[in-house]
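Observations on the model geometry
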Amino acid sequence: MSTDSDRQCPVDGEIDQQEMIPSKKNAVLVDGVVLNGPTTDAKAGEKFVEEACRLIMEEVVLKATDVNEKVCEWRPPEQLKQLLDLEMRDSGEPPHKLLELCRDVIHYSVKTNHPRFFNQLYAGLDYYSLVARFMTEALNPSVYTYEVSPVFLLVEEAVLKKMIEFIGWKEGDGIFNPGGSVSNMYAMNLARYKYCPDIKEKGLSGSPRLILFTSAECHYSMKKAASFLGIGTENVCFVETDGRGKMIPEELEKQVWQARKEGAAPFLVCATSGTTVLGAFDPLDEIADICERHSLWLHVDASWGGSALMSRKHRKLLHGIHRADSVAWNPHKMLMAGIQCCALLVKDKSDLLKKCYSAKASYLFQQDKFYDVSYDTGDKSIQCSRRPDAFKFWMTWKALGTLGLEERVNRALALSRYLVDEIKKREGFKLLMEPEYANICFWYIPPSLREMEEGPEFWAKLNLVAPAIKERMMKKGSLMLGYQPHRGKVNFFRQVVISPQVSREDMDFLLDEIDLLGKDM
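Owing to the predicted nature of the structure, the values given are computational and were not obtained by experimental measurement.

A few words on the UniProt feature "modified residue: N6-(pyridoxal phosphate)lysine" (unreviewed entry) in the protein. The UniProt feature table records "modified residue: N6-(pyridoxal phosphate)lysine" (unreviewed entry) at Lys 333. Note that Lys 333 resides in the loop between β9 (326–329) and β10 (342–346). Residue Lys 333 is classed as buried on the basis of its relative accessible area, which comes to 14%. Other than its neighbours up to four places away in sequence, Lys 333 contacts Leu 121, Ser 303, Trp 304 and Ile 498.

Dropping the structure here:
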């Protein structure tokens, strides 16, 4: 039988509620400010949150798959400035005015969750990830120490472990970063640290001329990282690719030998699995052989193509990725975990990440804490404050399971195949090449050019078609589709299928709408 004294002594982790209720005190004046309890109107704030959430539900979530809605409500910048109340004033706005602003923001923003948004390498709405984002925004955590973010650190550990398994490593390390560009920079710096660790403390002055190699089709973040890290963009060697956009291994080895002959110090090769424009996958096994022969760090930028690892049917695109030293993989792309959700995964398990980036801030990473400080993973990051991005992916993975994520990849690539077959059937549409992934690159040739010989005049005129159609589709709001010139080829469309909300009918509409908008050109 319990006694009164038993009830008066809470066990570890329990809180006496009476102790938590502050006693009311008289007002005091400090530095001209009257301190007399909280000044925030909690009831008004709670009501605003409730009404704003209702607005988000009605105007964003419920309309996410409605093809009758516009993808965008285009306005030029100066006109949009006039339509939006952007000015910040001395006095605050009332809640009804703030809700009007929220409605305007939604109305004039691009609906990236619309089934006909094909403009980027992300699209669609994952409901589970969205709820996870609502939760993390409300909780406002920072993932650096276990004491302030216990749940989210354990979630990140679990997600990284599972992603490492899909790469094919038995163990490894990793961290979630704000973008694949940052993951690539992390990898570049990590490879340099492994090659010459003294740079961390002594700087670049005594270091050799470091050289890295990457595909001519690589993401532009490789040049930015080399510039930011002091390696220099002139020390990035771009290896030629074949007609499909894949790095040519023989050309890579030639460049490595040439760099050594010139007295430079090669230290890194960055291969790409899923290039931004063509969706090409570099031959990883052959590149790994070269890296092993020359003792070079192999990083694979699989920011776009990494999600194919979830599919037993398509993971062969990344054959050999298990031989990489590091991998960048963005679940916010094909797997729709919500921007941003980007992981750097490292095969090393000797705390190389921590050794490279640790600054041992004594006010955060005390070694005499009452719990296992190995869970204080923030010192592996160049950031201090860091968002719990892994939680979005974890929630989606828990909801769909591995098989559901696999189906998401398989369906996107099946829809891509359908679109390719339709393009081949239609007059006025021409593929650049057979796609390897979800990037479908094609020209639309209007009737006025269909009988013209493919000479300089033809290509000059065709170069003007995609930008003109893009302008028309955005002003109409019917769809959004990217275009670009690329390595000597004039402007062409790049269509990317991601969202499971996209239907076969949307693929048909895409081609019909392009023809409708461009047939008079």
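Looking now at the packing of aromatic side chains. Here the structure, examined in full by the defined rule, presents 17 aromatic pairs. Each ring, one from Phe 393 and one from Trp 397, has its centre 5.0 Å from the other, and the planes form 40 degrees; the classification is tilted. In this pair, Phe 393 and Trp 397 are both assigned in helix α14 (residues 390–425), four residues apart and thus about one turn of the helix distant. In this pair, the class of Phe 393 matches that of Trp 397, namely buried. Ring plane angle 40 degrees and centroid distance 5.7 Å describe the contact between Phe 442 and Phe 493, whose orientation is recorded as tilted. Of this pair, Phe 442 sits in strand β12 (residues 439–444) while Phe 493 is found in strand β14 (residues 489–496), placing the two residues 51 residues apart along the sequence. The class for Phe 442 is buried, based on a relative accessible area of 0%. We classify Phe 493 as buried; its relative accessible area is 1%. Of the aromatic side chains, those joined through ring pairs into one cluster are Tyr 146, Phe 370, Tyr 371 and Tyr 375. It is Arg 116 that lies over the ring of Phe 509; its NZ or CZ is 3.7 Å from the centre.

Let's shift gears to the pairing of strand β5 (residues 210–215). Of all six residues that make up β5, six are buried, and the element is covered over most of its length. Alignment of β5 against strand β7 (residues 265–272), held across five bridges, turns out to be parallel. By the bridge assignment for β7, Thr 214 is matched with Cys 270. As paired strands, β5 and strand β6 (residues 236–239) are joined by four bridges and run parallel to one another.

What follows covers helix α3 (residues 42–61). Counted at 1.5 Å a residue, the expected span for α3 with its 20 residues is 28 Å, and the 26 Å between its end C-alpha atoms agrees. Listed in full, the buried residues belonging to α3 are Ala 52, Leu 55 and Val 61. On an axial view of α3, the arc spanned by its buried residues comes to 160 degrees, and they lie on one face. Relative to its buried face, α3 has exposed residues pointing more than 90 degrees away, namely Lys 43, Lys 47 and Glu 50. Packed against the buried residues of α3 are α5 (95–108) and α6 (127–139).

It is worth spelling out the side chain of Thr 275 at this point. With respect to the element layout, Thr 275 can be found in the loop between β7 and α12 (284–294). Other than its neighbours up to four places away in sequence, Thr 275 contacts Glu 217, Gly 245, Ala 280, Trp 304 and Asn 439.

Here we come to the packing of helix α8 (residues 180–195) against helix α10 (residues 221–228). At their nearest, the axes of α8 and α10 sit 9 Å apart, and the two run at 50 degrees to each other. Between α8 and α10, the interaxial angle falls into the category oblique. In the packing of α8 onto α10, the handedness of the crossing is right-handed. Residues Ser 181, Asn 184, Met 185 and Met 188 of α8 pack against Ser 221, Met 222, Ala 225, Ala 226 and Phe 228 of α10.

Now for the domain arrangement of the protein. Along its sequence, the protein is organised into domain 1 (142–387) and domain 2 (401–519). Taking the mean C-alpha position of each, domain 1 and domain 2 sit 32 Å from one another. Taken together, the 29 residues of domain 1 in the interface contact 28 residues of domain 2. Surface buried jointly by domain 1 and domain 2 totals about 2500 Å² across both partners, of which 60% is contributed by carbon and sulfur atoms. Across the contact surface, domain 1 and domain 2 share four salt bridges. A salt bridge links Glu 217 to Arg 487, with the shortest nitrogen-to-oxygen separation between them at 3.5 Å. Put simply, domain 1 and domain 2 have 14 residue pairs in polar contact (both at pLDDT 80 or more) between them. Counted by class, the side of domain 1 that touches domain 2 contains 13 nonpolar, nine polar and seven charged residues.

Next up on the list: the sheet that holds strand β3 (residues 117–118). Pairing in this open sheet of five strands is mixed, and the strands run β3-β13-β14-β12-β11 from one edge to the other. Both outer strands of the open sheet, β3 and β11 (429–431), are each paired with one neighbouring strand and no more. The pairing of β11 with β12 spans three bridges and is antiparallel. Note on β12: the bridge partner recorded for Leu 431 is Phe 442. Across the sheet, helix α16 (residues 465–476) touches β12, β13 (480–486) and β14, and the angle it forms with β13 is around 160 degrees. Sitting on the sheet, helix α17 (residues 504–518) is in contact with β3, β11, β12, β13 and β14, with an inclination near 25 degrees to β12.

Parameters at a glance
Residues numbered from 1 in each chain as written. Predicted model: local features only at pLDDT ≥ 70, side-chain atom pairs only at ≥ 80, totals over all residues. Heavy atoms only, no water. UniProt positions renumbered as here; feature names shortened; annotations may be inferred. Helix = DSSP H or I, 4+ residues; strand = E, 2+ residues; numbered from the N terminus. Buried < 20%, exposed > 50% of the residue type's maximum accessible area, 1.4 Å probe, protein only. Contact = heavy atoms within 4.5 Å. Phe/Tyr/Trp six-rings, centres within 6.5 Å; stacked < 30°, edge-to-face > 60°. Lys NZ or Arg CZ within 6 Å of the ring centre and 35° of its normal. Pairing = 2+ DSSP bridges. Expected span 1.5 Å × (residues − 1). Arc of directions from axis to C-beta. Axes fitted to C-alpha atoms, helices over the stretch in contact; angles between N-to-C directions. Parallel < 35°, antiparallel > 145°, perpendicular 65-115°, else oblique. Left-handed = near helix turned anticlockwise from the far one by under 90°. Domains from an automatic or database assignment. Buried area = accessible area lost by both parts, 1.4 Å probe. Salt bridge = Lys/Arg side-chain N within 4 Å of Asp/Glu carboxyl O. Polar contact = N/O pair within 3.5 Å; in protein donor to acceptor, adjacent residues only side chain to side chain. Nonpolar A, V, L, I, M, F, W, Y, C, P; charged D, E, K, R; others polar.

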